[in-house]
Amino acid sequence: MKALVIQHDHVSPTGPVGRRLEHHGFEITEFLVVPKESFKSPNIEVAFPDPDNFDLVVFLGSPWGAWDDTCIGNWLAPELEMMRSLVTADKPVLGICFGGQLMARAMGGSVAPGPTPEIGWTYIWSDQPELVGNGPWFQFHYDRFTVPPGGTEIARNPNTSQAFVINKSLGVQFHPELDSVALDGWLEEGGWAEVEKAGLDPQVMLDQTRAEDSVAEKRTYDLIDAFLTKVAHLI
């Protein structure tokens, strides 16, 4: 089987999500939307791969908003259309953070800045913990989505919706792919100041993430196993 992973920036590795897909025999193709040299001016023209060549498409997070047509509209519009086509055609899709917001917007929900950022390790409340566990999961977002028509919300917290299922696809607000290697990259690429701006200690956050790596990896493995079995029906 083949999986296409859409990486929106140069500091977002697939982490334990990619490792678990490889465990299940997936050949992964990573596609970078905004290269490092365009990071400060991300509204570039992008030619996406043909998703029909893949059994599964994973959309990762992004430092830009899935609502922000002005900032990233040149590639956000075609990516929304790709998402809409995939989900409507019952192609299995996993949307993570920005990817979940993208799925919600593409299918008729909404995405907008939230009242407060959500950064760090948090618990959620899941109706289907056998699919999406209660966590803790790592969060790093400023926006929130509403569940689209035809979707079923399966997890939430007091801040926003956290997970929904639609057709053979799953959208989540948190970052199951996050490990300390990825967080270190995010902090170096402007995240350190953003965490401090939120009144948090980035060094403690990084140390906590390193301590959480092994159990968080298992938590992500469980999520991917359940997604592939119960939603995508690929294994």
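Quick summary incoming for the structure in this document. (Residues numbered from 1 in each chain as written. Predicted model: local features only at pLDDT ≥ 70, side-chain atom pairs only at ≥ 80, totals over all residues. Heavy atoms only, no water.)

Quick notes on the overall build of the chain
For step 1, the next point in the chain: In terms of helices and strands, the chain carries five helices and 10 strands.
For step 2, the next point in the chain: If you line up the chain on its principal axes, its C-alpha atoms span 45 × 40 × 30 Å.
For step 3, the next point in the chain: The 235 residues of the chain split such that 57% are buried.
For step 4, the next point in the chain: Restricting the contact set of the chain to residue pairs at least 6 apart, pairs at least 24 apart contribute 69%.
For step 5, the next point in the chain: When the accessible surface of the chain is summed, it comes to about 9700 Å², and 51% of that surface belongs to carbon and sulfur atoms.
For step 6, the next point in the chain: Side chains of the chain carry 16 positive and 33 negative charges; the gap between the two charge centres is 4 Å. (Helix = DSSP H or I, 4+ residues; strand = E, 2+ residues; numbered from the N terminus. Buried < 20%, exposed > 50% of the residue type's maximum accessible area, 1.4 Å probe, protein only. Contact = heavy atoms within 4.5 Å. Areas by Shrake-Rupley, 256 points an atom, 1.4 Å probe, with all protein chains shown as cover. Lys, Arg positive; Asp, Glu negative; His and termini not counted. Charge placed at Lys NZ, Arg CZ, Asp CG, Glu CD.)

Observations regarding the layout of surface pockets
For step 1, the next point in the chain: Counted as a void, the largest pocket has a volume near 550 Å³.
For step 2, the next point in the chain: Looking at the lining of the largest pocket, the elements with two or more residues in it are helix H3 (98–106), strand E7 (137–145) and helix H4 (180–197).
For step 3, the next point in the chain: No other element matches the five residues that H4 contributes to the lining of the largest pocket. (1 Å grid on protein atoms, 1.4 Å probe; cavity = no way out; pocket = protein on both sides within 12 Å on 5 of 7 lines; lining within 4 Å. Points joined across faces, edges and corners; volume = space filled by probe spheres on them.)

Digging into H3
Each α-helix turn comprises 3.6 residues. Residues three or four places apart therefore point the same way.
For step 1, the next point in the chain: Within H3, eight of the nine residues are buried, which leaves the element mostly enclosed by the surrounding structure.
For step 2, the next point in the chain: Considered for burial, the residues of H3 that qualify are Phe 98, Gly 99, Gly 100, Gln 101, Leu 102, Met 103, Ala 104 and Ala 106.
For step 3, the next point in the chain: At the C-terminal side of H3, Gly 108 shows a positive phi close to 105°.

Some thoughts on empty space enclosed by the protein
For step 1, the next point in the chain: Tallied over the full model, the rule gives one cavity of 30 Å³ or more.
For step 2, the next point in the chain: Space inside the largest cavity adds up to approximately 40 Å³.
For step 3, the next point in the chain: Forming the boundary of the largest cavity are Trp 121, Pro 136, Trp 137, Phe 138, His 175, Pro 176, Leu 178, Ala 216, Arg 219 and Thr 220.
For step 4, the next point in the chain: The dominant element in the lining of the largest cavity, judged by the number of residues it contributes, is helix H5 (residues 202–231), at three residues.

Description of the nonpolar core
For step 1, the next point in the chain: Counting residues in each nonpolar core, the largest one holds 33 residues, and the members touching the most others are Ile 6, Val 33, Phe 48, Phe 59, Trp 75 and Met 83.
For step 2, the next point in the chain: For this core, the secondary structure elements donating two or more residues are strand E1 (2–7), strand E3 (56–59), helix H2 (69–88), H3 and strand E9 (161–166).
For step 3, the next point in the chain: Here the element with the most residues in this core is H2; it accounts for eight residues.
For step 4, the next point in the chain: Excluding its chain neighbours within four sequence positions, the residues that come into contact with Met 83 are Phe 59, Val 93, Gly 99, Leu 102, Met 103 and Ala 106. (Core = buried A, V, L, I, M, F, W, Y, C linked by side-chain atoms within 4.5 Å.)

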